[in-house]
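Chain by chain, the residues:
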Amino acid sequence: MSFGGGAVTEICKSDERCRAAVNLDGGLWGDSMREPLTFPYLALASPVNRPFFEHDRLTSEAPYFALTVADATHAN
């Protein structure tokens, strides 16, 4: 995992100007990761990292879409 996808998630949770987010296999960190998503979200995750997105998927208050590409790794 990397920080880019987590950064966009953090920005959208703290700035109401953000209308939607796409997370490309990025990690979610810090206390705000426990806050539900309130904006449309697309998570593209490698199979290994997909479990890290489950909390957001289950608690999202907005449309949440997830895509996992079989046999992909983070660098793909």
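See above for the structure.
Every chain begins its residue count from 1, and numbering advances along the sequence as written. Predicted model: local features are reported for residues with pLDDT of at least 70 only, side-chain atom pairs are reported and counted for 80 or more only, and whole-chain, interface and lining totals are derived from all residues. Calculated side-chain values reflect all of the structure's heavy atoms, with hydrogen atoms and water omitted.

## Examining the state of the cysteines
As used in these notes, a disulfide is a covalent bond between sulfur atoms, one from each of two cysteines. Disulfides are defined as pairs of cysteine sulfur atoms found within 2.5 Å of each other. Inspection of the entire model under this criterion finds one disulfide. In this model Cys12 forms its disulfide with Cys18; the gap between the sulfur atoms is 1.7 Å. Torsion about the S-S bond of the Cys12 and Cys18 cystine: about 40°, corresponding to right-handed handedness. When a residue's accessible area, from a 1.4 Å probe over protein chains only, is under 20% of the maximum for its type it is buried; when over 50% it is exposed; and in between it is partly exposed. On the accessibility criterion, Cys12 (6% relative accessible area) is buried. Given the relative accessible area of 21%, Cys18 is considered partly exposed.

## Focus: the packing of aromatic side chains
Note on aromatic contacts: the rings of Phe and Tyr and the six-membered ring of Trp form a pair at centre separations within 6.5 Å, being stacked when their planes are under 30 degrees apart, edge-to-face when over 60 apart, and tilted otherwise. This model, assessed by the stated rule, comprises two aromatic pairs. Measuring from ring centre to ring centre gives 5.4 Å for Tyr41 and Tyr64, while their planes differ by 25°; the resulting arrangement is stacked. A residue pair is termed long-range when its members are at least 10 positions apart, and Tyr41 in strand S2 (residues 41-45) and Tyr64 in strand S3 (residues 64-68) qualify at 23 residues. By the burial criterion, Tyr41 is buried, and Tyr64 matches it. Aromatic rings pair up to connect Phe39, Tyr41 and Tyr64 into one cluster. Strands are runs of DSSP state E lasting at least two residues, helices are runs of H or I lasting at least four, and both sets are numbered from the N terminus onward.

## Overview of the pattern of salt bridges
A carboxyl oxygen of Asp or Glu within 4 Å of a side-chain nitrogen of Lys or Arg is what we treat as a salt bridge. Counted by the stated rule, this structure contains three salt bridges. The partner of Arg17 in a salt bridge is Asp15, and the shortest N-O contact between them spans 2.6 Å.

## Overview of the sheet that holds S3
The parallel open sheet is built from three strands, whose spatial order is S1-S2-S3. A strand with exactly one partner marks an edge of an open sheet, and here the two such strands are strand S1 (21-24) and S3. Here the average twist between neighbouring strands, direction ignored, is 10°. Note: two strands are recorded as paired if DSSP finds a minimum of 2 bridges between them. Sheet topology note: the S1/S2 ladder contains four bridges and is parallel. Lines fitted to C-alpha atoms define the axes here, with helix axes fitted over just the stretch in contact, and angles between the N-to-C directions of these axes take values from 0 to 180 degrees.

Limitation: the analysis is restricted to geometry and does not speak to function.
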